[in-house]
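Structure at a glance
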Amino acid sequence: MQCTPNGRNRVNSYAVVAYIPDPLGKFLDDLRKELVPNCLPHAHVTLLPPRPISGEVAAAAEIAAPVFSSLSPFIVELSQVEIFAVTEVIYLAVDAGREELRRVHEILNVGPFAYRETFPYHPHVTLAQDLAPGQVEDLARTTRKRWAECPYPRHFLVETVYLVQNTVHNRWVDLETFSLGGIPVRS
């Protein structure tokens with residue numbers, strides 16, 4: 001763990017995400033806060049789930065840069081509300097873009113990013129997790145109702161992705177920004 005200049009303690013837990021732009025992103029953030037009031041959401045789809053990185057972060061970013069520069073932006077479309085049976089996480093399924101997300105995950109899960117995940121990679125957008133026993137079904141009903149009321153298009157363009165790092169307070173910090181078809185830009 002290292003102490004950053006801004007006082008946040010970072011841990012060896014990194015992910016690669018694509019943030020969902022507003023107004024859909026704000027709708028999902030508001031929904032997540034309704035479902036889990038104490039969370040600090042930033043709506044995203046994960047391309048590489050949390051994992052330790054072996055070696056220096058800058059070297060890992062250098063490995064990721066050509067991967068992203070070789071990819072074209074793609075559309076992700078969110079569909080229905082589902083629940084992971086084992087973890088009882090409520091999430092939105094990904095329809096369009098699912099195969100692109102899987103391909104990026106497979107390409108990146110090597111070298112310093114290599115990690116054997118507990119569960120197979122499943123593209124999705126998390127809406128509620130770490131729920132109290134017995135809460136899941138009621139919250140899933142609420143989630144389905146709110147999602148049906150969403151007035152915004154349910155798709156977005158993934159053209160920028162972020163390498164993020166977790167802190168001891170479970171707050172994620174953007175480290176690197178990568179444009180698909182471009183080069184990394186320091187956050």
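Our structure is the block above this text.
Residues numbered from 1 in each chain as written. Predicted model: local features only at pLDDT ≥ 70, side-chain atom pairs only at ≥ 80, totals over all residues. Heavy atoms only, no water.

Moving on, we come to helix H4 (residues 136-148). Look at H4: 18 Å from first C-alpha to last across 13 residues, which is about the 18 Å you get at 1.5 Å a residue. Taken residue by residue, H4 has Val136, Leu139, Ala140, Thr143 and Trp147 as its buried positions. The buried residues of H4 occupy an angular sector of 105° when projected down its axis, which confines them to one face. In H4, the exposed positions angled more than 90 degrees off the buried face are occupied by Arg141 and Ala148. (Helix = DSSP H or I, 4+ residues; strand = E, 2+ residues; numbered from the N terminus. Expected span 1.5 Å × (residues − 1). Buried < 20%, exposed > 50% of the residue type's maximum accessible area, 1.4 Å probe, protein only. Arc of directions from axis to C-beta.)

If you trace the four strands from one edge of the open sheet to the other, you get S6-S5-S4-S7, paired in antiparallel fashion. At either end of the open sheet lies a strand with only one pairing partner, and these are strand S6 (124-128) and strand S7 (155-158). On average, each strand axis in the sheet is tilted by 35° relative to the strand beside it, whichever way the strands run. Pairing between strand S5 (residues 90-94) and S6: four bridges, direction antiparallel. Counted as the bridge partner of alanine 93 is histidine 124 from S6. (Pairing = 2+ DSSP bridges. Axes fitted to C-alpha atoms, helices over the stretch in contact; angles between N-to-C directions.)

Burial within strand S2 (residues 9-19) is extensive, with eight of its 11 residues counted as buried. As paired elements, S2 and strand S8 (residues 160-167) share five bridges and run antiparallel to each other. Paired with alanine 15 across the strands is valine 164, a residue of S8. Direction of pairing for S2 relative to strand S3 (residues 44-51): antiparallel, over a ladder of five bridges. Across the sheet, residue tyrosine 19 finds its bridge partner in S3, namely histidine 44.

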